[in-house]
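Listed below, chain by chain, are the residues.
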Amino acid sequence: MARWYIIHAYSGFENKVRDSILSEAERLGLSEGVEAVEVPTETVTEVKRGKKVQVERKFMPGYVLAKLNMTDDVYHLVKNTPKVTGFLGSGNKPQAISEREAARYFGGMEEAKAAPKRQVSVDYEIGDQVKVNAGPFASFNGVVEELDFDKQRVKVSVSIFGRATPVELGFEEVELVK
């Protein structure tokens, strides 16, 4: 019976590990032992250079989920895959996770795909110098005072006639001054 296992891999090589496991299983005739290999990802909205961009991001960096029918051959196939450091579990014994826990990881991915606006990352933070690139304050520079991720708004202190004035703008209306 196939069960879900968490494989620890070098961060940044998760997709390569997935592809290697699947191709090696095919090559060695162990395809029935390897039902599925997944890299949990989520879609997030990031603001880069004043533009909203949809980005695919790894949900669990450094980990790959695999539904395996664990035999000695399958264990050695995965363990000897380049860029794999081992299985999650104690000692040399891989620890299977429940279907419910695996569904939680995939459920988190589905939630993230269904509501991509919930998680927005910006390339500036409180205290950073930013330039306003849209609206009546375009070309003004200011300092980020507050970030509101729920409303996707940023409060910037802009100098108008020598006086600091707080202005609330959308994330995409400002960009980091480099």
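Residues numbered from 1 in each chain as written. Predicted model: local features only at pLDDT ≥ 70, side-chain atom pairs only at ≥ 80, totals over all residues. Heavy atoms only, no water.

- Within an unreviewed UniProt entry, the label attached to the chain reads Transcription termination/antitermination protein NusG, and the organism entered is Tsuneonella aeria.
- UniProt's Sequence similarities (unreviewed entry) comment on the chain is quoted here verbatim: "Belongs to the NusG family." (UniProt positions renumbered as here; feature names shortened; annotations may be inferred.)

1. Focus: the packing of aromatic side chains
Any two aromatic rings considered together are summarised by their centre-to-centre distance and by the angle between their planes.
Argument step 1. Under the defined criterion, the tally for this structure stands at 5 aromatic pairs.
Argument step 2. Ring geometry for tyrosine 10 versus phenylalanine 13: centroids 6.4 Å apart, planes at 75°, classification edge-to-face.
Argument step 3. Judged by its relative accessible area of 42%, tyrosine 10 is partly exposed.
Argument step 4. Between phenylalanine 137 and phenylalanine 140 the ring centres are 6.0 Å apart and the planes differ by 75°, which places this aromatic pair in the edge-to-face class.
Argument step 5. On the basis of relative accessible area, phenylalanine 137 is assigned to the partly exposed category, the value being 23%.
Argument step 6. In this structure phenylalanine 140 comes out as partly exposed when scored by relative accessible area, which is 29%.
Argument step 7. Through a chain of ring-to-ring contacts, the aromatic side chains of Tyr5, Tyr75 and Phe87 assemble into a single cluster.
Argument step 8. The cationic tip of lysine 83 hangs over the ring face of phenylalanine 13; the distance from NZ or CZ to the ring centre is 4.8 Å. (Phe/Tyr/Trp six-rings, centres within 6.5 Å; stacked < 30°, edge-to-face > 60°. Buried < 20%, exposed > 50% of the residue type's maximum accessible area, 1.4 Å probe, protein only. Lys NZ or Arg CZ within 6 Å of the ring centre and 35° of its normal.)

2. Things to note about the domain arrangement of the chain
Argument step 1. Once the domains are mapped, the chain shows domain 1 (3-106) and domain 2 (128-176).
Argument step 2. On the domain 2 side, the residues contacting the 4 residues of domain 1 number 6 residues.
Argument step 3. Here domain 1 meets domain 2 over a buried area of about 370 Å², counting both sides, of which 55% is carbon and sulfur.
Argument step 4. Ranking the residues of domain 1 by area buried against domain 2 places Val47, Gly50 and Lys52 at the top, with a combined share of 83%.
Argument step 5. There are 0 salt bridges connecting domain 1 and domain 2.
Argument step 6. Counting every contact that joins domain 1 to domain 2 gives 1 residue pair in polar contact (both at pLDDT 80 or more).
Argument step 7. For the side of domain 1 that touches domain 2, the per-class residue count stands at 1 nonpolar, 1 polar and 2 charged. (Domains from an automatic or database assignment. Contact = heavy atoms within 4.5 Å. Buried area = accessible area lost by both parts, 1.4 Å probe. Salt bridge = Lys/Arg side-chain N within 4 Å of Asp/Glu carboxyl O. Polar contact = N/O pair within 3.5 Å; in protein donor to acceptor, adjacent residues only side chain to side chain. Nonpolar A, V, L, I, M, F, W, Y, C, P; charged D, E, K, R; others polar.)

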